[in-house]
Amino acid sequence: MAAELHVELVAADRQVWSGEANLVVARTTSGDIGVMPGHQPLLGVLESGPVTIRTNEGTVVAAVHGGFMSFADNKLSLLAEIAELADEIDAQRAERALERAKADDDAAAERRAEVRLRAVAVR
């Protein structure tokens with residue numbers, strides 16, 4: 001079994017993260033899934049949620065909002081509608097967005113803000 005897998009996290013507008021990892025955890029429509037080197041090939045639909053990428057150097061966390069994931073030949077592709085690294089998220093701005101979404105009764109915006117805040121909390 002290979003020691004690492006190659007990961008590409010891509011949003012509609014940019015490449016968010018690329019590198020080698022030994023574990024990736026993401027939320028799919030079937031539930032949370034962990035992918036390690038040598039995992040069986042898979043194709044899944046991503047739900048909004050944090051994606052955790054564990055590397056030899058540490059952990060990378062991203063807030064992902066929808067998309068797809070595929071794994072084959074020790075290569076994991078996460079193709080997200082929207083994705084941002086936890087380090088790029090302004091927690092105060094996300095909290096304000098959450099309050100606005102609640103006040104406006106906007107469930108989709110509320111979910112996006114909650115995912116962003118969870119990604120910040122995990123990092």
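All figures in this text were calculated on a predicted structure; none of them were measured in a lab. (Residues numbered from 1 in each chain as written. Predicted model: local features only at pLDDT ≥ 70, side-chain atom pairs only at ≥ 80, totals over all residues. Heavy atoms only, no water.)

Novice: I would appreciate a short explanation of the overall build of the protein chain in the present structure.
Specialist: Within the protein chain, the regular secondary structure consists of two helices and eight strands. In sequence order, the secondary structure elements of the protein chain are arranged as β-β-β-β-β-β-β-β-α-α. Radius of gyration (C-alpha) of the protein chain: 15 Å, near the 14 Å computed for a compact globule of 123 residues. In terms of its C-alpha atoms, the protein chain occupies a principal-axis envelope of roughly 50 × 30 × 25 Å. Expressed as a percentage of its 123 residues, the buried residues of the protein chain come to 41%. In the protein chain, of all internal contacts separated by at least 6 residues, the share reaching a separation of at least 24 is 53%. (Helix = DSSP H or I, 4+ residues; strand = E, 2+ residues; numbered from the N terminus. Rg over C-alpha atoms; globule rule 2.2 N^0.38 Å. Buried < 20%, exposed > 50% of the residue type's maximum accessible area, 1.4 Å probe, protein only. Contact = heavy atoms within 4.5 Å.)

Novice: I keep staring at the environment of V45 and nothing clicks. Help me out?
Specialist: Within the secondary structure, V45 is located in strand 5 (residues 42-46). Relative accessible area serves as the criterion here: at 36%, V45 is assigned to the partly exposed category. The sequence separation of V45 and T29 amounts to 16 residues, and the corresponding C-alpha distance is 5.9 Å. Every residue in contact with V45, bar those within four places of it in the chain, is listed here: R27, T28, T29, G67 and F68.

Novice: Even after reading the chapter, I still don't get the pattern of salt bridges, so can you show me in this structure?
Specialist: Between side chains of opposite charge, pairing is possible as soon as their charged atoms come close. According to the stated counting rule, one finds three salt bridges in the structure shown. The salt bridge involving D32 is made with R27; its shortest N-O contact spans 2.8 Å. The exposure class of D32 is exposed, given its relative accessible area of 51%. Classification of R27 as partly exposed rests on a relative accessible area of 30%. (Salt bridge = Lys/Arg side-chain N within 4 Å of Asp/Glu carboxyl O.)

Novice: Got a minute to help me understand the domain arrangement of the protein chain in this structure?
Specialist: One widely used convention gives an interface's size as the accessible area the parts lose upon coming together. Taken as a whole, the protein chain is organised into domain 1 (5-86) and domain 2 (90-122). The gap between the C-alpha centroids of domain 1 and domain 2 is 21 Å. Facing the 12 residues of domain 1 at the interface are eight residues of domain 2. Scanning the region where domain 1 abuts domain 2 turns up one salt bridge. One salt bridge in this structure joins E84 and R116, with 2.6 Å as the shortest N-O distance. Our count for the domain 1 to domain 2 interface comes out at two residue pairs in polar contact (both at pLDDT 80 or more). Only strand 6 (49-55) and strand 7 (58-72) provide two or more residues apiece to the side of domain 1 that touches domain 2. If one sorts the elements of the side of domain 1 that touches domain 2 by residue count, strand 7 sits on top with five residues. (Domains from an automatic or database assignment. Polar contact = N/O pair within 3.5 Å; in protein donor to acceptor, adjacent residues only side chain to side chain.)

Novice: I would appreciate a short explanation of helix 1 (residues 91-104) in the present structure.
Specialist: Helical geometry note: an α-helix holds 3.6 residues per turn, so side chains three or four residues apart project in the same direction. For helix 1, which comprises 14 residues, the first-to-last C-alpha distance of 20 Å matches the rise-based estimate of 20 Å (1.5 Å per residue) to within 8%. Three or more residues of helix 1 are buried, namely A94, L98 and A101. Here the buried residues of helix 1 occupy an arc of 65° about the axis, which is enough to place them on one side. Helix 1 presents Q92, R93, A103 and D104 as exposed residues on the side facing more than 90 degrees away from its buried surface. Where helix 1 is buried, its residues contact helix 2 (107-122). Its side-chain oxygen at 3.1 Å from the backbone nitrogen of Q92, D90 defines the N-terminal cap of helix 1. In the segment just after helix 1, D105 is the residue with positive phi, at about 55°. (Expected span 1.5 Å × (residues − 1). Arc of directions from axis to C-beta.)

Novice: Please clarify how the nonpolar core should be interpreted in this entry.
Specialist: As a rule of thumb, soluble globular proteins bury nonpolar side chains together. Formed by 24 residues in total, the largest nonpolar core has its most connected members in V7, V24, L76 and L78. By size, the runner-up hydrophobic cluster in this structure holds eight residues, among which are V61, I89, A94 and V115. (Core = buried A, V, L, I, M, F, W, Y, C linked by side-chain atoms within 4.5 Å.)

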